[in-house]
Amino acid sequence: MITVQLNDGVRKGTVEFSGEDVFEPCEMTVTGDISLQAIQDLFWHATLGADGAAQGIYELTGNVCSPAQVLKVMRLFSIDVTGIPSDWSDEMDSAMQDAEQRFIDGDVS
């Protein structure tokens, strides 16, 4: 179990992920002032502009999602997240650098 703290400047909460791998979907439990519904709404807003159907970019099914996707959405909406394990941060940074390099190399359309 990995627990991170969220703070959007008004509300505070925690998200506990049942998994240990940042890229593998797992169940999450949300407590505090920030609800699971609020997180689902952020996912909906993040994907709405992509294809008009609020699907396809960030996958969240009920309370199951990869921690990396949750953390990306929090970053997108400038929600402060603390308590991220250093190995998760390193893996996410590496994946982002790989994606950027593929884009530069023209491997991504």
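For the structure itself, consult the block above.
Residues numbered from 1 in each chain as written. Predicted model: local features only at pLDDT ≥ 70, side-chain atom pairs only at ≥ 80, totals over all residues. Heavy atoms only, no water.

Looking only at helices and strands, the chain features three helices and five strands. Going residue by residue from the N terminus, the α and β elements of the chain occur as β-β-β-α-β-α-β-α. Pairs at least 24 apart in sequence give 47% of the contacts found in the chain among residues at least 6 apart. (Helix = DSSP H or I, 4+ residues; strand = E, 2+ residues; numbered from the N terminus. Contact = heavy atoms within 4.5 Å.)

Glycine aside, negative phi is the norm for most residues, and most peptide bonds take the trans geometry. The backbone of Ser78 sits at a positive phi, close to 55°, despite the residue not being glycine. Here Ser78 shows up in the loop between helix H2 (67-76) and strand S5 (80-82). According to the relative accessible area criterion, Ser78 is exposed, its value standing at 64%. (Buried < 20%, exposed > 50% of the residue type's maximum accessible area, 1.4 Å probe, protein only.)

Its location among the elements puts Ser66 in the loop between strand S4 (64-65) and H2. Discounting residues that sit within four places of it in the chain, Ser66 has contacts with Val22, Phe23, Glu24 and Pro25.

A word on the sheet that holds S4. What the five strands build is an open sheet, ordered S4-S3-S2-S1-S5; its pairing is antiparallel. Each end of this open sheet is capped by a strand with a single partner; those strands are S4 and S5. Relative to S4, strand S3 (residues 26-32) runs antiparallel, the two being bridged by two bridges. Along S4, the bridge assignment pairs Cys26 with Cys65. (Pairing = 2+ DSSP bridges.)

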